[in-house]
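Here's the letter readout for the chains.
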Amino acid sequence: MRKVCLLIIIAYVFINGTFAQIIDNENLIVTHGPWLQNLDANGVTVIWTTNKPAVPGVNITGPDGKIRFVRNSHDGIIDGGGMTHKVRVNGLESGTTYKYSVHSVQIMKYQAYKVYYGDTLVRKPVTFTTPDVKSEKVSFLVVNDVHNNSGKLASYLKKGNIGEKDFCIFNGDMVDFLQSPEELFSGFLDSSVMYFASAKPFYYVRGNHETRGYKAREIKYYFDFKDGMYYYGFDYGPVHFTVLDCGEDKPDNNKNYFGLADYDSYRAEELEWLKKEVKSEAFRNAGKRIVIIHMPIVKEEKQNNGMKYLSDYFGPVLNDAGVNLMLSAHTHRNTFYEPGKSGFSYPLLVNSNNSFIEIVVDRKEIKAVVKDVTGKQLAEYTID
Ligand SMILES: [Fe+2]
């Protein structure tokens, strides 16, 4: 009889999940991050993940020492209950240094009429500075085609002194494909956080490899792209940056896409956006204009389908727009095209999969230095 009772009790605790809670004595921890996104003069987005469902918040401290606690809500509901957390902090001042710490409150049980909270975890504060809208100078690193080699990325970041730069641009193919978020973390995100991404932002430009795999549909979940798009413009110092999305390289009906590619119509929509972008005040009034796109926009005899479309349709729009520099990747070769040599009016710098670029821009000129993985200088370009 006692054995029967014991079995009934064990069955009950299993059914109610109580047993799982009894043996689940792992503490709430931050598993990845935090990393900063979409930093502008007035706001920043902070993203991190936890090992258990939580309600996220950010403590932010300004120069006056006052702490503000920020949580986001959508449609009247406070964000929370998941394990990937994204908090937008607005109301910041240009050119100002802040401290922030990520704040996670564990949710033990989330039912319609009962919510049980567990641990509260507050990480140590990290300092960041908003861009100064009056700044006459900006410096950044460009890295691309890392293809999950986080060790190589770490070398680029160390040799490129990322701590002294304003931000980093990841110009596509940072991973081979996306079947799991783990590929983002082990491929480049964890290394980025280790070296800079909690204190300085990066801009993630989609390459063709980021379109591959089931989880490619969920990239936006882990980052904060301006206006929620892979193509957008942003301003930093004297520069207006135009970020473009090249899409896939092969035709949509290529057998490798199994009927799941629709880049012809996507690029056509992007083209209409680009025509408006080059007429925008931010673009026209900028001291310098830099276009960033994974696949180079260049006129060449033999080109893949994606590059031919970009050359045929995007190139002419940019040709007349007064672009000071285009930064590209994809070919795994270092190439510099003087203005006109690309078939268009802009100079084009293509970075290989074994080098990075350090760029400094002021009102006078753009200076780009290409270095290999050991930090050895390979080339230097000055664009007036
Ligand atoms: Fe590529």
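Conventions we followed
- Residues numbered from 1 in each chain as written.
- Predicted model: local features only at pLDDT ≥ 70, side-chain atom pairs only at ≥ 80, totals over all residues.
- Heavy atoms only, no water.
- 1 Å grid on protein atoms, 1.4 Å probe; cavity = no way out; pocket = protein on both sides within 12 Å on 5 of 7 lines; lining within 4 Å.
- Points joined across faces, edges and corners; volume = space filled by probe spheres on them.
- Pairing = 2+ DSSP bridges.
- Helix = DSSP H or I, 4+ residues; strand = E, 2+ residues; numbered from the N terminus.
- Axes fitted to C-alpha atoms, helices over the stretch in contact; angles between N-to-C directions.
- Contact = heavy atoms within 4.5 Å.
- Donors = N, O, S within 2.8 Å, 3.2 Å for Na, K, Ca; no water.
- Tetrahedral: all angles 85-135°; square planar, octahedral: opposite > 155°, others 65-115°.
- Buried < 20%, exposed > 50% of the residue type's maximum accessible area, 1.4 Å probe, protein only.
- Phe/Tyr/Trp six-rings, centres within 6.5 Å; stacked < 30°, edge-to-face > 60°.
- Lys NZ or Arg CZ within 6 Å of the ring centre and 35° of its normal.

Enquirer: How should I be thinking about the layout of surface pockets in this particular structure?
Expert: The probe, sized like a water molecule, is rolled over the atoms to show the empty space still left. Taken as a whole, the largest pocket encloses approximately 440 Å³ of empty space. In this structure, the largest pocket is lined by 15 residues; those nearest its centre are Thr 211, Arg 217, Leu 260, Ala 261 and Tyr 263.

Enquirer: Sorry if this is basic, but what is going on with the sheet that holds strand β21 (residues 377-383) here?
Expert: Two modes of strand pairing occur in sheets, parallel and antiparallel, and in both the strands are linked by backbone hydrogen bonds. Reading across the sheet, the six strands line up as β12-β11-β10-β19-β20-β21 and stay open at both edges, with mixed pairing between neighbours. Two strands in the sheet have a free side with no partner beyond their single neighbour: β12 (202-204) and β21. Ignoring strand direction, the axes of neighbouring strands in this sheet form an average angle of 20 degrees. Each of β10 (137-143), β11 (167-170) and β19 (355-362) is contacted by helix α3 (residues 150-159), which is oriented at about 155 degrees to β10, the strand it contacts most. Here helix α4 (residues 181-197) sits on the sheet in contact with β11 and β12, set at roughly 160 degrees to β12.

Enquirer: Please explain the coordination of the iron ion as it appears in this structure.
Expert: Bound to the iron ion are the protein donor atoms Asp 173 (OD), Asn 208 (OD1), His 294 (NE2) and His 330 (ND1), situated 2.1 to 2.3 Å from the metal. One can describe the donor arrangement at the iron ion as irregular, given that its four donor atoms subtend angles of 91 to 167 degrees at the metal. The sequence pattern describing where the donors of the iron ion fall on their chain is D-x34-N-x85-H-x35-H. Taken together, the residues span a long stretch of sequence, with Asp 173 in the loop between β11 and α4 and His 330 in the loop between β16 (325-328) and β17 (335-337) at a distance of 157 residues. For the pair shown, Asp 173 and His 330 are each scored as buried.

Enquirer: Help me understand the environment of Val 89, please; the structure alone is not making it clear to me.
Expert: Tracing the sequence through the fold places Val 89 in strand β6 (residues 82-89). Counting along the chain gives 47 residues from Val 89 to Asn 42, while the straight-line C-alpha distance between them is 8.5 Å.

Enquirer: Sorry, what's going on with the packing of aromatic side chains here?
Expert: The way to describe two aromatic rings as a pair is by their centre distance and the angle between their planes. Following the criterion strictly, the structure yields 33 aromatic pairs and no others. When the ring of Tyr 98 is compared with that of Phe 128, the centres are 5.9 Å apart and the planes differ by 25 degrees; the resulting orientation is stacked. One end of the pair, Tyr 98, is in strand β7 (residues 97-111); the other, Phe 128, is in strand β9 (residues 126-129), and 30 residues separate them in sequence. Judged by its relative accessible area of 2%, Phe 128 falls in the buried class. When the centroid spacing of 4.1 Å and the interplanar angle of 20 degrees are considered together, the rings of Phe 336 and Tyr 381 count as stacked. Of the two residues, Phe 336 is situated in strand β17 and Tyr 381 in strand β21; the sequence distance between them amounts to 45 residues. Among the aromatic residues, ring-to-ring pairing joins Phe 170, Phe 188, Phe 196, Phe 202, Tyr 204, Phe 223, Phe 225 and Tyr 230 into one connected group. Sitting over the ring of Tyr 230, Lys 220 keeps its end group 4.6 Å from the ring centre.

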